[in-house]
2 protein chains.
Amino acid sequence: MYTFYNVFKCLPLIELSIKWNARPSQPYGQQHLNEPLLDHREGQLFLTEAFKVILEEVLCKGTDVNEKVCEWREPEELATLLDLELREYGEQQHQLLQRVRDVAKYSVKTNHPRFFNQLFAGVDYHALTGRFLTEALNTSQYTYEVAPVFVLMEDEVLSKLRSLVGWAQGDGIFCPGGTMSNMYAMNLARYRAFPEVKLKGQWALPRLAVFTSQESHYSVMKAAAFQGIGTENVFKVNVDDRGCMITDDLSEKIELAKSQGAVPFLVHATSGTTVQGAFDPLEPIADICDRQGLWMHVDCNYVTMFVIRADSVTWNPHKMMLTGLQCSAILLKDTTDLLKRCHSADATYLFQQDKFYDMSLDTGDKSIQCGRKVDCLKLWLMWKAVGSQGLEERVDRAFAHTRYLVEKMMKREGFQLIGKPEFVNVCFWFIPPSLRGKENSPDYQDRLSKVAPVIKERMIKQGTMMVGYQPLGGRVNFFRMIVISPQLSYQDMTFFLDEIERLGNNL
Amino acid sequence: MYTFYNVFKCLPLIELSIKWNARPSQPYGQQHLNEPLLDHREGQLFLTEAFKVILEEVLCKGTDVNEKVCEWREPEELATLLDLELREYGEQQHQLLQRVRDVAKYSVKTNHPRFFNQLFAGVDYHALTGRFLTEALNTSQYTYEVAPVFVLMEDEVLSKLRSLVGWAQGDGIFCPGGTMSNMYAMNLARYRAFPEVKLKGQWALPRLAVFTSQESHYSVMKAAAFQGIGTENVFKVNVDDRGCMITDDLSEKIELAKSQGAVPFLVHATSGTTVQGAFDPLEPIADICDRQGLWMHVDCNYVTMFVIRADSVTWNPHKMMLTGLQCSAILLKDTTDLLKRCHSADATYLFQQDKFYDMSLDTGDKSIQCGRKVDCLKLWLMWKAVGSQGLEERVDRAFAHTRYLVEKMMKREGFQLIGKPEFVNVCFWFIPPSLRGKENSPDYQDRLSKVAPVIKERMIKQGTMMVGYQPLGGRVNFFRMIVISPQLSYQDMTFFLDEIERLGNNL
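Parameters at a glance
Residues numbered from 1 in each chain as written. Chains lettered and ligands numbered in written order. Predicted model: local features only at pLDDT ≥ 70, side-chain atom pairs only at ≥ 80, totals over all residues. Heavy atoms only, no water. Helix = DSSP H or I, 4+ residues; strand = E, 2+ residues; numbered from the N terminus. Rg over C-alpha atoms; globule rule 2.2 N^0.38 Å. Buried < 20%, exposed > 50% of the residue type's maximum accessible area, 1.4 Å probe, protein only. Contact = heavy atoms within 4.5 Å. Areas by Shrake-Rupley, 256 points an atom, 1.4 Å probe, with all protein chains shown as cover. Lys, Arg positive; Asp, Glu negative; His and termini not counted. Charge placed at Lys NZ, Arg CZ, Asp CG, Glu CD. Salt bridge = Lys/Arg side-chain N within 4 Å of Asp/Glu carboxyl O. Pairing = 2+ DSSP bridges. Phe/Tyr/Trp six-rings, centres within 6.5 Å; stacked < 30°, edge-to-face > 60°. Lys NZ or Arg CZ within 6 Å of the ring centre and 35° of its normal. Buried area = accessible area lost by both parts, 1.4 Å probe. Polar contact = N/O pair within 3.5 Å; in protein donor to acceptor, adjacent residues only side chain to side chain. Nonpolar A, V, L, I, M, F, W, Y, C, P; charged D, E, K, R; others polar. Axes fitted to C-alpha atoms, helices over the stretch in contact; angles between N-to-C directions. Expected span 1.5 Å × (residues − 1). Arc of directions from axis to C-beta. UniProt positions renumbered as here; feature names shortened; annotations may be inferred. Least-squares fit on C-alpha atoms with pLDDT ≥ 70 in both. Core = buried A, V, L, I, M, F, W, Y, C linked by side-chain atoms within 4.5 Å. Parallel < 35°, antiparallel > 145°, perpendicular 65-115°, else oblique. Left-handed = near helix turned anticlockwise from the far one by under 90°.

**Focus: the overall build of chain A**
1) Next: When you go through chain A residue by residue, the secondary structure sums to 17 helices and twelve strands.
2) Next: In terms of overall dimensions, chain A is globule-like: its C-alpha atoms have a radius of gyration of 26 Å, near the 23 Å expected for 507 residues.
3) Next: Principal-axis analysis of the C-alpha atoms places the extent of chain A at approximately 75 × 70 × 45 Å.
4) Next: Taking all 507 residues of chain A together, the buried fraction comes to 67%.
5) Next: For chain A, the proportion of contacts with a sequence separation of at least 24, taken over those separated by at least 6, is 69%.
6) Next: Only carbon and sulfur atoms are counted for the fraction: they give 50% of the accessible area of chain A, which is about 16,800 Å².
7) Next: The positive charge centre, built from 56 side chains, and the negative charge centre, built from 62, are 2 Å apart in chain A.

Listed below in structure tokens is the structure:
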């Protein structure tokens, strides 16, 4: 049923391939002006050849445990290897194809089963198909006119995501990343509290106050700076050992803000903090928000939560759900068209009011952007491929792997957990033999803080795996292992522990 | 040199294809827990089959003048055809492949030579290759650690773009769209004028004032609302008939703002307005900004300009340069690290200060985003393919086509230009025979305003072409034809005029 015949019908590939390689270099632009500047057949041939390179280098080799995760080069050397300079004249097709190979070769293989470095990892081929199709179709998500399929699809996907949160109705939009989704929440919360802000600006408002935990994502600070609220008006609520917000302290911080003359309007809670994977206690927070009349936003990094009492939720399928960057949604409980009222600018050249179809389908004015990339297709196609059940199974597997890793870690000398993981984040110190039993030495913390950076440098230079580290609160540098990719097996967990030992045992 | 051998080495495609089609439906997740959840070979096979569909449906048929630009369906019918619902269980591969076909079929073909509807159109195959490679590599642009190639590449591309503006040094960053780039400019301008805004918020500042022309992009209003400046603090400067800012009125509006107690800080000029393609007079505006100490931003929609006196420039290669959405850069003359000082949050989990390489390469903290999509590769690869000379030729050709279209239009009865185009935007009314010579009838404007919507409806329903219309200022609905794609030929211009006549002659 699926053979090369289809593709041959449209592009006699082998024949062209011969012509192409035999053709002498032709300066760009010697065509006649009354003919198109672009040779579609040649372009499609290049794309097809490049597709094979991508398949081989990025998706086959790049996911093979026998290949390196990264091919480290010093910046100066890499710049020379890549020959980045943009010049007056174009290059030949075989040179360009080599550039595709080079970019692939020296890029980090985030699809590799030993890439544990960020909150994304691994590849889903149906999502990737959706991304290729999105790129080829190249449209913008603003009107039904130019994006009929994607306007309806975004609506359906958002509705499904809301149902997971527990809302039968509501609103929402896909944003270019989680920070942008969090910024939407901040703007909506401010607008609900002070609708005049849109017209008059923050200048006409009192000093505002936002509340979030000490371990929430730094995007809250970025949002406060960017949106004119000010970073000192973000009140950082204390957390417990696990990194969860202490609600008594939230109440106290609210009173503190009021005593300074600031007006509280938003609590930014986190379900799955960036480092420890901690979950703020949502029910007590919702009680406080209810009592105080505050907007409750929940930043769901990894998986969406049943948080029916929140006003808004950020969910990032580009993390644990493997859709690929970028895929983030802001979900709203609101049914009063707040999103559009807050953001609309009513541009007549785009949102004409005399169209022949239902103009409520032109959803672009809900966005702060004009042109907006289609981010729903990759998630939709993946969901169609594996079903809700398949997505759930991925999360279950990540939990199973995490439990396995934690058990093994507790049995190995030299691995010291930072508390028991609440989620898929396993935070730990590796104590090299030379430091074991020296916990009371005055330079212990200082020496321990230098262990993770050296192990990290070694793994990157050898290309065997990648995992992140950081200091946090009073704790010196520790590793943050994230078990997120469904490609993983128990063998990968064992490899991880062995490799940390191998790289760090002589420190 | 390039045969199917390479791809076979990695994936025995035909053999798998047979297995795949013969295999009975298998519920997702019956694999053992100690094996990866993902079958790479099956995934790669699907991706390869989908690639062929994309090639055939989107890139061959989708660029063929004998095929439709769009396949109009009423929203209810389309929703049914697409079967959008997300369910509990996954589907079989052949069903999913049909979904890829369906999404392609009912999507608008923005690569089609008769798509004139937006400020983007057409496909560049090298840029598209860059986009596929970006998607497959799936990394985030924040650190050299996870994006070594793209950190260096973004720097090189930005440097090249700055050189086109006329700056030997400076700064910049790729943003998810032109609106976001404009927002960066507004935030930087505010921060330079009042650095305390980052910490204290707009609350501690006086009322601010922004100046932009009546025909600038609506993103200025969106930015003012989103960033806490307020839309009423955007002073709209009058334009002349062509849509260019009147600088005398700019001076007057600045005095008006001051008289109201507002503090001017930013002039947002436009090179190539959205509808008319008008160019604000940059030198006189720069004089005023110099005298008043205001930040001068230039929003370059289509092509970058030599605007050495500006403080910042937005340039959107995803428009006239055909890179595909999203590709927008904010360019800065600043050499004092303003971008980072304004936006940094110093997250220790990402921007560790004890790395083994030059940490100034971790450019992510310049961004308001955390995870940031790689947007430089598509532009870089296209530039390598055609050279600066090839990019210039595209612009030259667009101008040549515009001149040709305007000449033909002036000779045809019923086509009435809205002034002489300054750029590639050809704005005009089509006067159907029934309205010709009736300019003095009391209902002329009203009847004329209804012409464009009907012609638009007809062209969409027949799928022959797509072009935008809008009212503007005191003018009733007129068409905006954008000659942007290098695929076009003079024949396409003739077709355009014939088709408007065919669709509108009986109105």
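Alright, that's what it looks like, and here's the rest.
**Overview of the pattern of salt bridges**
1) Next: Enumeration over the complete set of coordinates arrives at 75 salt bridges over all chains.
2) Next: With a shortest N-O distance of 3.4 Å, Glu232(A) and Lys200(B) are connected by a salt bridge. With one member in each of two chains, Glu232(A) in the loop between α10 (219-226) and β4 (234-237) and Lys200(B) in helix α9 (residues 197-200) form a pair that bridges those chains.
3) Next: What makes Lys200(B) partly exposed here is its relative accessible area of 33%.
4) Next: With a closest N to O distance of 3.1 Å, Lys450(B) and Asp446(B) form a salt bridge.
5) Next: Classification of Lys450(B) as partly exposed rests on a relative accessible area of 48%.
6) Next: Each of Asp83(A), Glu85(A), Arg87(A), Glu91(A), Arg99(A) and Lys384(B) takes part in one network of salt bridges that share partners.

**A few points about the pairing of strand β12 (residues 475-482) of chain B**
All names here are of chain B.
1) Next: With seven of its eight residues buried, β12 lies for the most part within the structure.
2) Next: As judged from the four bridges shared by strand β10 (residues 425-430) and β12, these two strands associate in the antiparallel manner. When the sheet's bridge partners are listed, cysteine 427 is paired in β12 with arginine 480.
3) Next: Sheet topology places strand β11 (residues 466-472) next to β12; four bridges connect them, and they run antiparallel. Paired with tyrosine 469 across the strands is phenylalanine 479, a residue of β12.
4) Next: Remark: two residues form the turn of the hairpin made by β11 and β12, two consecutive strands paired antiparallel; glycine 473 in that turn has positive phi of roughly 55 degrees.

**Considering the packing of aromatic side chains**
1) Next: Tallied over the full model, the rule gives 42 aromatic pairs over all chains.
2) Next: Between the aromatic rings of Trp72(A) and Tyr144(B), the centroid separation amounts to 5.5 Å while the plane-to-plane angle is 90 degrees, which identifies the pairing as edge-to-face. One end of the pair, Trp72(A), is in the loop between α3 (40-60) and α4 (75-82); the other, Tyr144(B), is in the loop between α6 (125-137) and α7 (148-165), on a second chain.
3) Next: Through a chain of ring-to-ring contacts, the aromatic side chains of Phe116(A), Phe415(A), Phe428(A), Phe430(A), Phe479(A) and Phe496(A) assemble into a single cluster.
4) Next: The cationic tip of Arg114(A) hangs over the ring face of Phe495(A); the distance from NZ or CZ to the ring centre is 3.8 Å.

**As for the interface of chain A and chain B**
1) Next: Taken together, the 187 residues of chain A in the interface contact 188 residues of chain B.
2) Next: Here chain A meets chain B over a buried area of about 17,300 Å², counting both sides, of which 65% is carbon and sulfur.
3) Next: Inspection of the region where chain A meets chain B yields twelve salt bridges.
4) Next: Between Lys456(A) and Glu145(B) there is a salt bridge, with its nearest N and O atoms 2.4 Å apart.
5) Next: Taken together, the links from chain A to chain B amount to 76 residue pairs in polar contact (both at pLDDT 80 or more).
6) Next: Split by residue class, the side of chain A that touches chain B holds 94 nonpolar, 55 polar and 38 charged.

**Points about the sheet that holds strand β11 (residues 466-472) of chain A**
All names here are of chain A.
1) Next: Strands sit in the order β1-β11-β12-β10-β9 across an open sheet of five strands; the sheet is mixed. Two strands in the sheet have a free side with no partner beyond their single neighbour: β1 (115-116) and β9 (415-417).
2) Next: Where β1 lies against β11, two bridges are found, and the strand directions are parallel. Looking at the pairing, phenylalanine 115 lines up with methionine 466 of β11.
3) Next: The strands that helix α14 (residues 377-411) touches are β9, β10 (425-430) and β12 (475-482); relative to β10, the one it contacts most, it runs at about 20 degrees.

**Describing helix α11 (residues 247-259) of chain A**
Residue and element names in this part refer to chain A.
1) Next: Between its first and last C-alpha, α11 extends 18 Å over 13 residues, near the 18 Å set by a 1.5 Å rise per residue.
2) Next: Those residues of α11 that fall on the buried side of the exposure criterion are Thr247, Asp249, Leu250, Lys253, Ile254 and Ala257. Down the axis, α11 shows its buried residues gathered within 145 degrees of arc, on one side only. Of the exposed residues in α11, those oriented more than 90 degrees away from the buried face are Asp248, Glu252 and Ser259.
3) Next: Downstream of α11 by a residue or two, glycine 261 has a phi angle that is positive, lying close to 90 degrees.

**Overview of the UniProt feature "modified residue: N6-(pyridoxal phosphate)lysine" (unreviewed entry) in chain A**
Residues and elements named next belong to chain A.
1) Next: Feature annotation in UniProt places "modified residue: N6-(pyridoxal phosphate)lysine" (unreviewed entry) on Lys319, given in this structure's numbering.
2) Next: Considering the arrangement of structural elements, one finds lysine 319 in the loop between β7 (312-315) and β8 (328-332).
3) Next: The class of lysine 319 is buried, set by a relative accessible area of 15%.
4) Next: Setting aside anything within four residues of it in sequence, one finds lysine 319 in contact with Leu119, Phe120, Asn301 and Ile484.

**So, the relation of the copies chain A and chain B**
Here two copies of a chain appear, and what relates them is a rotation about an axis with a shift along it.
1) Next: For the pair chain A and chain B, the superposition axis carries a translation of 0.0 Å, the fit reaches an RMSD of 0.0 Å, and the rotation angle comes to 180 degrees. Put plainly, the chains are arranged around a two-fold axis. The position closest to the rotation axis in chain A is occupied by the C-alpha of Gln227(A), lying 2.0 Å away.
2) Next: In this assembly the copies share their binding face: 100% of the residues contributing to the interface of chain A also contribute to that of chain B.

**Some words on the environment of Ala347(B)**
1) Next: Mapped onto the elements of the fold, Ala347(B) is located in the loop between α13 (338-343) and α14 (377-411).
2) Next: Between the C-alpha atoms of Ala347(B) and Cys370(B), which are 23 residues apart in sequence, the distance is 9.7 Å.

**Overview of the environment of Leu472(A)**
Residue and element names in this part refer to chain A.
1) Next: With respect to the helices and strands, leucine 472 occurs in strand β11.
2) Next: Linking leucine 472 and glutamate 215, residues 257 residues apart in sequence, is a C-alpha distance of 8.6 Å.
3) Next: With residues up to four places along the chain from it excluded, the contact list for leucine 472 reads Glu215, Val275, Gln276 and Phe478.

**Notes on unusual backbone geometry**
With the exception of glycine, most residues fall at negative phi, and the peptide bonds are largely trans.
All names here are of chain A.
1) Next: Of the consecutive residues leucine 325 and glutamine 326, the connecting peptide bond is found in the cis state with omega at -10 degrees.
2) Next: Structurally, the position occupied by glutamine 326 is in the loop between β7 and β8.
3) Next: The phi dihedral of asparagine 138 is positive, around 40 degrees, even though this residue is not glycine.
4) Next: With respect to the helices and strands, the residue asparagine 138 is situated in the loop between α6 (125-137) and α7 (148-165).

**Things to note about the nonpolar core**
1) Next: Residues Phe496(A), Ile500(A) and Phe496(B) are the most contacted members of the largest nonpolar core, which totals 292 residues.
2) Next: Filtering out sequence-adjacent residues up to four positions away, Phe496(B) remains in contact with Phe116(B), Leu405(B), Met409(B), Phe428(B), Met465(B), Val467(B) and Met481(B).
3) Next: Membership of the second largest hydrophobic core comes to 60 residues, among which are Ile173(A), Leu188(A), Val220(A) and Met186(B).

**Here's the deal with the environment of Gln369(B)**
1) Next: Its place among the elements puts Gln369(B) in the loop between α13 and α14.
2) Next: By relative accessible area, which is 3% here, Gln369(B) ends up buried.
3) Next: Remark: the alpha-carbon pair of Gln369(B) and Pro176(B), spanning 193 residues in sequence, is separated by 9.6 Å.
4) Next: Setting aside residues up to four positions removed in sequence, Gln369(B) forms contacts with Pro176(A), Thr179(A), Met180(A), Tyr218(A), Lys222(A), Pro176(B), Tyr184(B) and Gly364(B).

**As for the packing of α6(A) against helix α3 (residues 40-60) of chain B**
1) Next: One way to put it is that α6(A) packs onto α3(B) with a least axis distance of 9 Å and a crossing angle of 15 degrees. Viewed along their axes, α6(A) and α3(B) adopt a mutual orientation that is roughly parallel. The element α6(A) and its partner α3(B) pack so that their crossing is right-handed. For the pair formed by α6(A) and α3(B), the contact residues are Tyr125(A), His126(A), Leu128(A), Thr129(A), Phe132(A), Leu133(A), Ala136(A) and Leu137(A) on the first element and His40(B), Gly43(B), Gln44(B), Phe46(B), Leu47(B), Ala50(B), Ile54(B) and Val58(B) on the second.
2) Next: Residue composition of the contact of α6(A) with α3(B), by class: eleven nonpolar, five polar and no charged.

**A look at the sheet that holds strand β2 (residues 171-175) of chain B**
All names here are of chain B.
1) Next: Reading across from one edge, β2-β8-β7-β6-β5-β3-β4 is the order of the seven strands in this open sheet, with mixed pairing throughout. A strand with exactly one partner marks an edge of an open sheet, and here the two such strands are β2 and β4 (234-237). Geometrically, the sheet is characterised by an average inter-axis angle of 20 degrees between neighbouring strands, direction not taken into account.

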